[in-house]
Amino acid sequence: MLEPVTNPVLIFAIAMVIFLIAPLIMRKLRIPGIIGLIFAGVIVGPNGVGLLDRDPTIILLGTVGLLYIIFIAGLEIDLEGFKKYRKRSLTFGFLSFHLPFLIGVLATFYFGYPLAAAILLGSLLGSHTLLAYPIASRLGVAKNKSVTTAVGGSIMTDTLALLVLAVVAGSTQGALTFDFWLMLFLSMAIYVAAVFLIVPIVAKFFFRSFSSEGVLEFVFVMTVLFVSAYFATVAGLEPIIGAFLAGLALNRFIFEQSPLMNRIKFIGNAIFIPFFLLSVGMLMDLRILFLEPSAWITATLVVILVVIGKFGAAWLTGKIYHYSKEEMWLTFGLTIPQAAATLAATLVGFDLGLFDQATVNAVIVMILVTCMIGPYLVEKYARKLALKESQMPYEPTNAPQRVMVPIANPQTLESLMDLAFMVRGSSSESLYTLSVARSSEEGSSAQVVEAEKLLGHAVQYAAGAEVPIHMLTRVDPNITTGVVRAIEETRITNVVIGWNGKLSTPQKIFGGVLDQLLERTSQMILVSKLGHPLNTTKRIVILIPSGFDHKIGFYDPIKVVKRMANQIGATIAVFVIKDQTLSYQEGFQKVKPDAQVTLTKLETWNEWNQEYLPHLKKDDIVIVFSARRGTIAWHPQLERLPRVLANATPKSFIMMYPVEEGKVDSRGTRGLDVPKTFLSEKSYD
């Protein structure tokens, strides 16, 4: 064996070389890179060639990596999907813990383990670590119901496993008194309540006050993560529970496609998570397996037990809730890896004298084997599931979008870009930024330079979220003409544009440029005035005029709104003016993703203005499904709403104008060109 390296710079350099080379080798072998990092830990660790020691630095960085995995799972979990499928998560969590637990207790007790040791060994088989979750996230299936079920179920399995650990540890010290149980559950209740009450309040204040400070945002998130993890230990829980709860508490404040989320994932995937995998591999001592044959028997036993238990839970849940074969195997692959709670319980059991060295090594073999099986299965079946979803029948609401953001004000740039990220949706859809320089007789060079400088800020912001954008610059004496020309040349489908809330004349809706843009385009236009960060929004209030369900672009605004609500964790309150709600209810149910929606029918516009508008809250955002003049669903009130909302309590609102079949005739003649089937169903006032 070699002497372990002690130079901190060289230790970090060796680790970086491993993080670079191991995944590349595994890629050549078509094996997930995670497995390569674990094997590297076995080879270079103290029980391998001894190049690196599992010193406090490795342990520290590995612990941070473990907390990172759990934290990101909490951040990315689809809260509305979890609420919708919470019974599935609870059912799976119950089965995923109790099946391996009961099988493990009976088998190990039969093979001669004391009852306390058998219970502890069974509990560590019931837990699991979301080791392969980054693979599911990378392949774009993190929102799938099977992944949501597995992530939600992990709350129950890890909590139960750690509770059993606390009880077994207390029993060996004779501490299973009434006071013990009271303090255990009381401290848990207080801790969970504190996280879900305090963290959202602090986060809302922070993001309202420092929303544009990128470094401060990241440091704030890391502070919440590690403070929550520490206080979990104070409450008698493991820090991974605190990390997961911190992720849930911050879930709606961090967009999936935002620079902040990208920074969190990038740092974790590049540094901390690889250190965790390396530290897991360092625990393996191959010599014990050769010196003590009984370790092989125990290792084989625990591997068989955990595979049977976890597969049985995934199979039963899949049968009960009619999951596809890919979804069932994906659930199994996510929950088979054992690392976090398993390792904690094993080390505690060894310290208490319940486990011998052979058992510890057998459990580490089980950790190594399951950490190879899980990523392999997730990589295989997540790809199949992603391919299967991409081959679903084409629907208009799933058509690729080309989103354009005309930029003129640097102060509103980031909020417009955040909105555009949500409208854009999937990474396969294109995003364009546009700046129009007004030409004049004196020349337009200076205006072009300013326009390109503004676009440079947009590119920098989008790069932080790893969103590629196309920069467009136009020179035209008329701003609207420049925008329209860019829309036609690049085949734009959606335009996200800002409004400052000021009117040039009372006869205008927004002002000269925006009014002309609505008249001269048929694409979907989102005119926004955002007075607070989108991630601090609690409720999206939607106003829909009569007849909107007959528009050709009916589903597009619904899809955008539900995507927004899903990402920021907001509820949706829909108000339908003087129309039946059944078709709108069906529309919101049909369009994905999941969101909590309530519908209310209003008889008149005055009812909205007098009873609902004054009671809006500052955390609301009002979205109006509007219509261009002369088209179906147009009403004079729609042209008065922008100036009313600009002076209302919530300083944020969006006017959504859906796609039209062709150019709009502002004289109103298009409103009469309605299919007879539509006119026979309802009349319009």
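What comes next concerns the included structure. (Residues numbered from 1 in each chain as written. Predicted model: local features only at pLDDT ≥ 70, side-chain atom pairs only at ≥ 80, totals over all residues. Heavy atoms only, no water.)

A few points about the sheet that holds strand E7 (residues 571–577)
Here's step 1: Within the open sheet, the 10 strands sit side by side as E3-E2-E1-E4-E5-E10-E9-E6-E7-E8. Their pairing is mixed. Both edges of this open sheet fall to strand E3 (470–475) and strand E8 (597–602), since each of them pairs with a single strand only. Direction aside, neighbouring strands of the sheet carry axes that sit 20° apart on average.
Here's step 2: Both strand E9 (residues 620–625) and strand E10 (residues 653–657) contribute to a ladder of 4 bridges, which runs parallel. Across the sheet, residue Phe 625 finds its bridge partner in E10, namely Met 656.
Here's step 3: Across the sheet, helix H25 (residues 636–646) lies against strand E5 (524–529), strand E6 (539–544), E9 and E10, angled at about 165° from E10, the strand it touches most. (Pairing = 2+ DSSP bridges. Helix = DSSP H or I, 4+ residues; strand = E, 2+ residues; numbered from the N terminus. Axes fitted to C-alpha atoms, helices over the stretch in contact; angles between N-to-C directions. Contact = heavy atoms within 4.5 Å.)

What about the nonpolar core?
Here's step 1: In terms of nonpolar packing, the biggest core is built from 130 residues, with Ile 18, Tyr 68, Phe 71, Val 221, Leu 250, Ile 254 and Ile 264 touching the most fellow members.
Here's step 2: It is helix H17 (residues 357–390) that provides the largest number of residues to this core, a total of 14 residues.
Here's step 3: Sequence-distant contacts of Phe 71, defined by excluding residues within four places in its chain, comprise Val 221, Met 222, Leu 225, Ala 243, Ala 246, Gly 247, Leu 250 and Ile 264.
Here's step 4: Core analysis: the second largest hydrophobic core is formed by 92 residues, Leu 431, Ile 525, Phe 625 and Leu 641 among them. (Core = buried A, V, L, I, M, F, W, Y, C linked by side-chain atoms within 4.5 Å. Buried < 20%, exposed > 50% of the residue type's maximum accessible area, 1.4 Å probe, protein only.)

What to know about the layout of surface pockets
Here's step 1: Estimated volume of the second largest pocket: approximately 790 Å³.
Here's step 2: Around the second largest pocket, the lining comprises 33 residues; the ones closest to its centre are Pro 406, Ile 407, Ala 408, Asn 409 and Gly 498.
Here's step 3: Taken together, the elements giving at least two residues each to the lining of the second largest pocket come down to helix H18 (413–424), strand E2 (430–437), helix H19 (445–464), helix H20 (479–490), strand E4 (494–498), helix H21 (512–520) and E5. (1 Å grid on protein atoms, 1.4 Å probe; cavity = no way out; pocket = protein on both sides within 12 Å on 5 of 7 lines; lining within 4 Å. Points joined across faces, edges and corners; volume = space filled by probe spheres on them.)

Some points on the pairing of E9
Here's step 1: Among the 6 residues that make up E9, 6 are buried, leaving the element largely enclosed by the rest of the structure.
Here's step 2: Because side chains alternate across E9, one face comprises the buried residues Asp 620, Val 622 and Val 624, and the other comprises Ile 621, Ile 623 and Phe 625, equally buried.
Here's step 3: Looking at chain direction, E6 and E9 are connected through 5 bridges and run parallel. Looking at the pairing, Ile 542 lines up with Ile 623 of E9.

Quick word on the side chain of Thr 149
Here's step 1: Structurally, Thr 149 can be placed in helix H8 (residues 145–172).
Here's step 2: Residue classification places Thr 149 among the buried positions, given a relative accessible area of 0%.
Here's step 3: Once residues lying within four places of it in the same chain are set aside, the contact partners of Thr 149 are Arg 88, Ser 89, Phe 92, Thr 317 and Tyr 323.

Things to note about helix H10 (residues 214–234)
Here's step 1: A rise of 1.5 Å per residue sets the reference length of H10, with its 21 residues, at 30 Å; its end C-alpha atoms lie 31 Å apart and thus fit the reference within 8%.
Here's step 2: Of all the positions in H10, only Glu 217, Phe 218, Phe 220, Val 221, Met 222, Val 224, Leu 225, Ser 228, Ala 229 and Ala 232 are classed as buried.
Here's step 3: Here the buried face of H10 lies against helix H3 (56–76), helix H9 (178–209), helix H11 (239–250) and helix H12 (259–282).
Here's step 4: With its phi angle positive at about 85°, Gly 236 sits one or two positions after the end of H10. (Expected span 1.5 Å × (residues − 1).)

Structural notes on the pattern of salt bridges
Here's step 1: Tallied over the entire structure, the rule returns 10 salt bridges.
Here's step 2: Note that Arg 208 is salt-bridged to Asp 619, the shortest N-O span being 2.7 Å. Taken together, the residues span a long stretch of sequence, with Arg 208 in helix H9 and Asp 619 in the loop between helix H24 (605–612) and E9 at a distance of 411 residues.
Here's step 3: With a relative accessible area of 32%, Arg 208 lands in the partly exposed category. (Salt bridge = Lys/Arg side-chain N within 4 Å of Asp/Glu carboxyl O.)

Points about H21
Here's step 1: Three or more residues of H21 are buried, namely Leu 514, Asp 515, Leu 517 and Leu 518. Looking down the long axis of H21, one finds its buried residues gathered within 160° of arc, a one-sided arrangement. (Arc of directions from axis to C-beta.)

Re unusual backbone geometry
Here's step 1: Cis geometry marks the peptide bond from Lys 592 to Pro 593; its omega dihedral reads 5°.
Here's step 2: With respect to the helices and strands, the residue Pro 593 is situated in the loop between helix H23 (582–590) and E8.
Here's step 3: Positive phi, close to 60°, is recorded for His 322, a residue that is not glycine.
Here's step 4: Among the secondary structure elements, His 322 is positioned in the loop between helix H14 (293–320) and helix H15 (325–335).
Here's step 5: For His 322, a relative accessible area of 68% gives the class exposed.
Here's step 6: Positive phi outside glycine occurs at Ala 633, with the angle close to 80°.
Here's step 7: The topology assignment puts Ala 633 in the loop between E9 and H25.
Here's step 8: Here Ala 633 falls in the buried class, since its relative accessible area comes to 9%.

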